[in-house]
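Below are the chains, spelled out letter by letter.
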Amino acid sequence: MENEAVTKERVDIVLDALHNPHKIRPEGECILGEIARQFWARAIQSASLPSQRHFLKTFDEYINSVVVEALDREQGLMRSLDNYIKLRCATIGLKPTLTLLEMGMDLPDEVFHHPVIMDLANCIAEIVFIDNDMTSYNKEQATGNEFHNLISIVMLELDLDRGSAMAWAAHYNAEVQKRFIDGLAKVPSWGPSVDVLVKEYLNGLANWARASHSWNFESQRYFGTMGLEIQQTRLVTLLPGPDRKTM
């Protein structure tokens, strides 16, 4: 990951491109600007207007959180557990991708921003980042990049070994899953025509968590060709870490 200054520069380029998809990008600019511009210029041709608003808002929050993460990594900062969870819900990048679920529907702003709906989306963001941090931990600790990882922070703050930290994270995940299931019973009604959209959107949220869990093992990003076997056995050989000072 780049340092904070470079990350912030690139974030500004991407955000400018998204908010100005018909503006020609400056010559010699980082290619991310043109990639973002072309992506959004195509997306807005078919995406509903509410989904466009929701994407721009949530993507802005996500990409600016990446700048904070870059600064943390640059400074070797390990956040407290509570602060980390708040930041990680943003850096996981889930919320802007969830707008894909509504690009073909007119999901009203009052639904998208309703406290119950927002908490359900937050639950999925938590579930996805917990899963991701558990599966990526081995790779990250081996490369010395474990500062932004739930397992490392739980080990340090709660004075637990790796196995106990993994068990803590699994229990936390189960609690968030229960919060999501319980939250479904609190979803209000906005009338038949909107309720059918809400049902489709919430079904997409739940499926996203399951799909992300499977991707962690099937993509070969974290476990190579051993992913499916590890998904069954839950046994991972700890990779050797780099020589570094004890935190």
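As a reminder, the structure under discussion sits directly above these lines.
Engineer: Can you walk me through the overall build of the chain in this structure?
Structural biologist: When helices and strands are tallied, the chain shows 11 helices and 0 strands. Sequence-ordered secondary structure for the chain, helices as α and strands as β, is α-α-α-α-α-α-α-α-α-α-α. For 247 residues, the compact-globule estimate of 2.2 N^0.38 gives 18 Å, and the chain sits close to it at 20 Å. With 247 residues in all, the chain has 45% of them scored as buried. The contacts of the chain with a sequence gap of at least 6 include a subset with a gap of at least 24, amounting to 68%. Of the roughly 13,500 Å² of accessible surface on the chain, a fraction of 55% belongs to carbon and sulfur atoms. Of note, the chain has its 24 positive side-chain charges centred 1 Å away from the centre of its 34 negative side-chain charges.

Engineer: Honestly, empty space enclosed by the protein in this entry has me stumped. Any pointers?
Structural biologist: To find leftover empty space, one rolls a probe the size of a water molecule over the atoms. The final tally for this structure, using the stated rule, is 1 cavity of 30 Å³ or more. Computed from the structure, the largest cavity encloses a volume of approximately 40 Å³. Together, Asp72, Arg73, Leu77, Met78, Arg79, Tyr84, Phe147 and His148 line the largest cavity. Residue composition of the lining of the largest cavity, grouped by class: 4 nonpolar, 1 polar and 3 charged.

Engineer: I keep staring at the packing of aromatic side chains and nothing clicks. Help me out?
Structural biologist: The description of two aromatic rings rests on the distance between their centres and on the angle between their planes. Tallying each qualifying case throughout the model produces 10 aromatic pairs. Judged by centre distance (5.7 Å) and plane angle (65 degrees), the rings of Phe59 and Tyr62 are edge-to-face. Residue Phe59 and its partner Tyr62 are both found in helix H3 (residues 49–75); the two are separated by 3 residues, about one turn of the helix. Judged by its relative accessible area of 16%, Phe59 is buried. Judged by its relative accessible area of 24%, Tyr62 is partly exposed. On the numbers, 6.1 Å between centres and 85 degrees between planes, the contact of Trp215 with Tyr222 is edge-to-face. Taking the relative accessible area as the measure of exposure, Trp215 reaches 40% and is therefore partly exposed. Residue Tyr222 is classed as buried on the basis of its relative accessible area of 14%.

Engineer: Would you mind going over the packing of helix H7 (residues 115–143) against helix H9 (residues 162–184) with me for this structure?
Structural biologist: Two quantities define a packed helix pair, namely the angle between the helix axes and the distance between the axes. Where H7 contacts H9, the axes come no closer than 9 Å and their chain directions differ by 160 degrees. In terms of orientation, H7 and H9 fall into the roughly antiparallel class. Between H7 and H9 lies a crossing of left-handed hand. Looking at the contact of H7 with H9 residue by residue, the class counts come to 16 nonpolar, 5 polar and 5 charged.

Engineer: Would you mind showing me how to read the side chain of His54 here?
Structural biologist: You can see His54 is positioned in helix H3. Reaching out from His54, the side chain makes a polar contact with the side chain of Glu102 at a distance of 2.9 Å. Ignoring sequence-local partners within four residues, the contact set of His54 consists of Thr99, Glu102, Leu107, Pro108, Asp109, Phe112 and His113.

Engineer: What's the story with the layout of surface pockets in this structure? I'm lost.
Structural biologist: By volume, the second largest pocket amounts to about 410 Å³. In this structure, the second largest pocket is lined by 19 residues; those nearest its centre are Met134, Thr135, Met166, Arg234 and Val236. Elements with a contribution of two residues or more to the lining of the second largest pocket: H7, H9 and helix H10 (192–218). When its residues are assigned to classes, the lining of the second largest pocket shows 10 nonpolar, 6 polar and 3 charged.

Engineer: Mind showing me how you'd approach the nonpolar core here?
Structural biologist: Across soluble globular proteins, nonpolar side chains show a tendency to be buried alongside one another. In terms of nonpolar packing, the biggest core is built from 42 residues, with Leu107, Ile117, Ile124, Phe129, Leu150, Val198 and Tyr201 touching the most fellow members. Sequence-distant contacts of Phe129, that is, excluding residues within four places in its chain, are made with Tyr84, Ile85, Arg88, Cys89, Ile92, Leu150 and Tyr172. Counting residues in hydrophobic clusters, the runner-up holds 15 residues, among them Trp40, Ala47, Phe55 and Phe59.

Definitions and cut-offs
- Residues numbered from 1 in each chain as written.
- Predicted model: local features only at pLDDT ≥ 70, side-chain atom pairs only at ≥ 80, totals over all residues.
- Heavy atoms only, no water.
- Helix = DSSP H or I, 4+ residues; strand = E, 2+ residues; numbered from the N terminus.
- Rg over C-alpha atoms; globule rule 2.2 N^0.38 Å.
- Buried < 20%, exposed > 50% of the residue type's maximum accessible area, 1.4 Å probe, protein only.
- Contact = heavy atoms within 4.5 Å.
- Areas by Shrake-Rupley, 256 points an atom, 1.4 Å probe, with all protein chains shown as cover.
- Lys, Arg positive; Asp, Glu negative; His and termini not counted.
- Charge placed at Lys NZ, Arg CZ, Asp CG, Glu CD.
- 1 Å grid on protein atoms, 1.4 Å probe; cavity = no way out; pocket = protein on both sides within 12 Å on 5 of 7 lines; lining within 4 Å.
- Points joined across faces, edges and corners; volume = space filled by probe spheres on them.
- Nonpolar A, V, L, I, M, F, W, Y, C, P; charged D, E, K, R; others polar.
- Phe/Tyr/Trp six-rings, centres within 6.5 Å; stacked < 30°, edge-to-face > 60°.
- Axes fitted to C-alpha atoms, helices over the stretch in contact; angles between N-to-C directions.
- Parallel < 35°, antiparallel > 145°, perpendicular 65-115°, else oblique.
- Left-handed = near helix turned anticlockwise from the far one by under 90°.
- Polar contact = N/O pair within 3.5 Å; in protein donor to acceptor, adjacent residues only side chain to side chain.
- Core = buried A, V, L, I, M, F, W, Y, C linked by side-chain atoms within 4.5 Å.

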